[in-house]
Amino acid sequence: MNTKKQISIFASAVFALSVFVSPVFAACTLQTLGECDQAGLMSLISGLSTTTTTTTTTTPVASFGSIPTGFTFTKNLTLASRGDEVKYLQVFLNSDPATQVAASGVGSAGNETTYFGNATKAAVKKFQTKYGITPVAG
């Protein structure tokens, strides 16, 4: 998978998860990613796509299997949301064992659903913790 697609999926997931994130502002950096609004994310992505960097990694790049090329999240997903965007969010979350929706059965890798239930919400919170995104209280 190419870097631009990974950045696009990551940025789309952050946007989709924004319902759980504290108030946003337009200035967006990698350090303030959890506080970015959509315009700030797009600006950051634009800047990243024109910057060449060298990255060394010791783990393989995750595959996003069933997420269509060029897919973009367009809705704020919340508890009880339904649809393909929920399924693609679960696919994205399941690409990292630290943020997986479920280890086996419903919601696990290859068994993603179109329903945003408590397991998906818990996985979103794991994602937020991993990336230092502060959830909204409540």
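Counting of residues starts from 1 at the beginning of each chain's written sequence and follows it residue by residue. Given that the model is predicted, a residue must reach a pLDDT of at least 70 before its local features are reported, and side-chain atom pairs must reach 80 or more before they are shown or counted; all residues, however, enter totals for whole chains, interfaces and linings. For side-chain calculations, the full set of non-hydrogen atoms in the structure is used, while hydrogens and water are omitted.

### Some words on the confidence of the model for the protein chain
For every residue, the pLDDT score states the predictor's confidence, bounded by 0 at the bottom and 100 at the top. Averaged over all residues, the pLDDT of the protein chain is 73; the fraction at 70 or higher stands at 51%. By the convention used here, residues are in contact when the closest approach between their heavy atoms is within 4.5 Å. For the stretch residues 18-26, pLDDT sits under 50, and the model shows 31 contacts to residues farther than four places along the chain or on other chains. Throughout residues 51-63 the model reports pLDDT below 50, and contacts reaching past four residues in sequence, or to other chains, amount to five contacts.

### Quick notes on the nonpolar core
What makes a nonpolar core is a set of buried Ala, Val, Leu, Ile, Met, Phe, Trp, Tyr and Cys residues whose side-chain atoms join them at distances within 4.5 Å. Relative accessibility thresholds used throughout: buried, under 20% of the residue-type maximum; exposed, over 50%; partly exposed, between the two (1.4 Å probe, protein chains only). Ranked by internal contacts, the top residues of the largest apolar core, which has 16 residues, are I67, F73, L77, L89, L93 and F116. Among the elements of the structure, helix 3 (84-94) and helix 4 (118-130) are those that each provide at least two residues to this core. Broken down by element, the residue count for this core peaks at six residues, all from helix 3. For the purposes of this entry, the term helix denotes a DSSP run of H or I that reaches at least four residues, the term strand denotes a run of E that reaches at least two, and both are numbered from the N terminus.

### What to know about helix 4
Expected span of a helix: the number of residues minus one, times 1.5 Å. For helix 4, which comprises 13 residues, the first-to-last C-alpha distance of 18 Å matches the rise-based estimate of 18 Å (1.5 Å per residue) to within 8%. Backbone geometry just after helix 4 places G132 at a positive phi near 70°.

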